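This is what each chain is made of:
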Amino acid sequence: MRDRCGRSITYLRLSVTDRCSLRCRYCMPAGGVPKRDHRDICSVEELVEIARAAADCGVRKVRLTGGEPLVRRGILDICRGISAIPGVEELCLTTNGAALPQLAKPLKEAGVDRLNVSLDTLRPDRYAYMTRVGRLEDALRGLEAAEEAGFAGTKLNVVLMKGFNEDEIPDFVDLARRYPLEVRFIELMPIGEGGSAPFLPAQAVLDACPDLRPAKGSGVARRYRPPGGPGLVGLIEPMSHRFCGDCDRIRVTADGKLKPCLHSDQELPLRGLHGEELRRAIETGIAAKPERHHMNETGRSEAGRNMHQIGG
Ligand code: SAM
Ligand code: SF4
C-alpha cells in the first residue's frame, strides 16, 4: 500500500519485547526497564496476527527487534508463525548476538532468513563499558554460530560514536575486506538515552577509508565496496542525509502500538483489534505516515520513547 506521499510501504519492524540482556549506554537506562506485567506485551498470537494483517496491507518483509528479541519467551513460535504467512517474503531479526550460540540453528529452522548483529566495538574493554554488562566474546561467538547455522548475508550494525569507536572504523571495514558480510555504520540518533551520547557523522568512514568504492545502494543505506573484498560497507545517515523520501517501513511496539514514523510520537493502538478492523487500523497508520522527521533542524527526536521500546 502507498502512503499519502506515494511511498510504497512494504516493511514492518515488529518489536517483540522492550527487555534486553544488555544495557547499551545510548539505548537503555542504567537500571534497565521496569518489569511489566506480561499482559501489557503482545502475546505470540497477537504478534503473528498483526504481521498477517500487515502482509494483507502489502508488507513483504518483517524484521523482529526489541529490546533483545532473543530474550523473548516464545521467540521461535513467533518466527514460525510469521515465516508461514503467505505474502511475507523475508523474515529478518536484529540481535545483540549473545544468545545466538544456543538459538542460531533453531531460528534458521523456524524460518528466519537473515540476521543483523549489533557490535559497536571489537575491543573487549570498550564492549564491556558500552553495554555495561556484556562480553565481546559472547557476541563474537554468536556471529560464528550464525555462520555455522547457515545464515548468509549477515549484517553487522555499528553505531558510530565520537571518541568511542572512531579509531576502529578501519578495523570494521577490514572485516568487509575479509568476509562476505555487510558492515553497516549507523549515525547515532538523539532518541532517549541516545541524546546524550557523542555523535559522529558517517562521513568519518569515508574519510578514514578513502579507497572505498560506491556500490549499489540498498533501502536507506548508501553502500560501498572495499576493493578486492567480498563484503560491503553501508552507511545509514538519518542525521546527515535525511532518507525519509525512501522510507518504506512502519513499526509496531511490543505493547501493540503502530508507529508510522520512528521519530514521531504518533501511535495507533492495535491491541484488541482483529480481522478487517485490524487491517483498517494498519491502513490508517500507513496513510498517516509523516512526510519527514525534523531531527536535523531540532537536534532531537520526537519518538517519545527510548530506542529499546521501539526497536530501531
Ligand atoms: N537488541 C537488538 C540489537 O541491539 O541489535 C535489537 C534492538 S536495538 C534497539 C536495534 C538497533 O538500534 C541496534 O543496532 C542498536 O545499536 C541501534 N540503536 C539503539 N539506539 C540507537 C540510537 N540512539 N541511534 C542509533 N541507533 C541506535
Ligand atoms: Fe539492548 Fe539492543 Fe538496546 Fe543494546 S541496543 S541495550 S542490545 S536493545
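The paragraphs below set out a description of the structure included in this document. Remember, it's a predicted structure, so these values are computed and weren't measured experimentally. (Residues numbered from 1 in each chain as written. Chains lettered and ligands numbered in written order. Predicted model: local features only at pLDDT ≥ 70, side-chain atom pairs only at ≥ 80, totals over all residues. Heavy atoms only, no water.)

Let us now look at the site of ligand 2. Taken together, Cys-20, Leu-22, Cys-24, Cys-27, Met-28, Gly-67 and Asn-96 are the residues near ligand 2. Considering only residue class, the shell around ligand 2 consists of 5 nonpolar, 2 polar and no charged. (Near = heavy atom within 4 Å. Nonpolar A, V, L, I, M, F, W, Y, C, P; charged D, E, K, R; others polar.)

Strand order in the open sheet formed by 12 strands is S7-S8-S9-S6-S5-S4-S3-S2-S1-S10-S11-S12, with mixed pairing between adjacent strands. Every interior strand has two partners, whereas the edge strands, strand S7 (213-218) and strand S12 (268-269), have only one. In this structure, S7 lies alongside strand S8 (residues 221-225), joined through 4 bridges in antiparallel fashion. Paired with Ala-215 across the strands is Arg-223, a residue of S8. Against the sheet, helix H1 (residues 44-56) makes contact with strand S1 (11-15) and strand S10 (249-252), and its axis sits at roughly 170° relative to S1, the strand it touches most. (Pairing = 2+ DSSP bridges. Helix = DSSP H or I, 4+ residues; strand = E, 2+ residues; numbered from the N terminus. Contact = heavy atoms within 4.5 Å. Axes fitted to C-alpha atoms, helices over the stretch in contact; angles between N-to-C directions.)

By the definition in use, this model includes 1 aromatic pair. A ring pair is formed by Phe-172 and Phe-185, whose centres lie 6.2 Å apart and whose planes are at 90°; its orientation type is edge-to-face. In this pair, Phe-172 is assigned in helix H6 (residues 169-178) and Phe-185 in strand S6 (residues 182-187), connecting sequence segments 13 residues apart. For Phe-172, a relative accessible area of 0% gives the class buried. For the cation-ring pair, Lys-108 lies above Phe-151, with the distance from its terminal atom to the ring centre recorded as 5.0 Å. (Phe/Tyr/Trp six-rings, centres within 6.5 Å; stacked < 30°, edge-to-face > 60°. Buried < 20%, exposed > 50% of the residue type's maximum accessible area, 1.4 Å probe, protein only. Lys NZ or Arg CZ within 6 Å of the ring centre and 35° of its normal.)

The next point concerns H6. The set of residues buried in H6 consists of Ile-169, Phe-172, Val-173, Leu-175 and Ala-176. In a view along the axis of H6, the buried residues occupy a sector of 140°, so they form one face of it. (Arc of directions from axis to C-beta.)

Now for the pattern of salt bridges. The final tally for this structure, using the stated rule, is 29 salt bridges. Between Asp-255 and Lys-257 there is a salt bridge; the shortest N-O distance is 4.0 Å. A residue is classified by how much of its surface remains accessible, and Asp-255, at 12% relative accessible area, is buried. Of the residues examined, Lys-257 reaches a relative accessible area of 26% and is grouped as partly exposed. By sharing partners, the salt bridges in this structure join Asp-18, Arg-36, Asp-255, Lys-257, Lys-259, Glu-267 and Arg-305 into a single network. (Salt bridge = Lys/Arg side-chain N within 4 Å of Asp/Glu carboxyl O.)

What follows is about the nonpolar core. If you look at the biggest cluster of nonpolar residues, it comprises 96 residues, and the most contacted ones within it are Leu-64, Ile-82, Leu-107 and Phe-185. Considering each element in turn, this core owes the most residues, 8 residues, to H1. (Core = buried A, V, L, I, M, F, W, Y, C linked by side-chain atoms within 4.5 Å.)

Taken together, 18 residues lie around ligand 1, and Tyr-26, Gly-67, Ser-118, Asn-157 and Met-189 are the ones closest in. Between ligand 1 and Glu-68 there is a distance of 3.2 Å, counted from a nitrogen atom to a side-chain nitrogen or oxygen. Met-189 is positioned such that a nitrogen or oxygen atom in its backbone is 2.8 Å from a nitrogen atom of ligand 1. In the complex, 95% of the free accessible area of ligand 1, which totals 550 Å², lies under the protein chains. (Polar contact = N/O pair within 3.5 Å; in protein donor to acceptor, adjacent residues only side chain to side chain. Areas by Shrake-Rupley, 256 points an atom, 1.4 Å probe, with all protein chains shown as cover.)

A word on the pairing of strand S4 (residues 114-118). With 4 of 5 residues buried, S4 is to be regarded as a mostly interior element. In this sheet, S4 lies alongside strand S3 (residues 90-95) in parallel orientation, the contact comprising 4 bridges. Bridge assignment links Thr-94 to a residue of S4, and that residue is Asn-116. A crossover connection joins S3 to the parallel S4 through helix H3 (residues 100-109); in handedness this β-α-β unit is right-handed. Pairing of S4 with strand S5 (residues 155-160), which is carried by 3 bridges, proceeds in the parallel orientation. (Right-handed = clockwise from strand over helix to strand, strands pointing away.)

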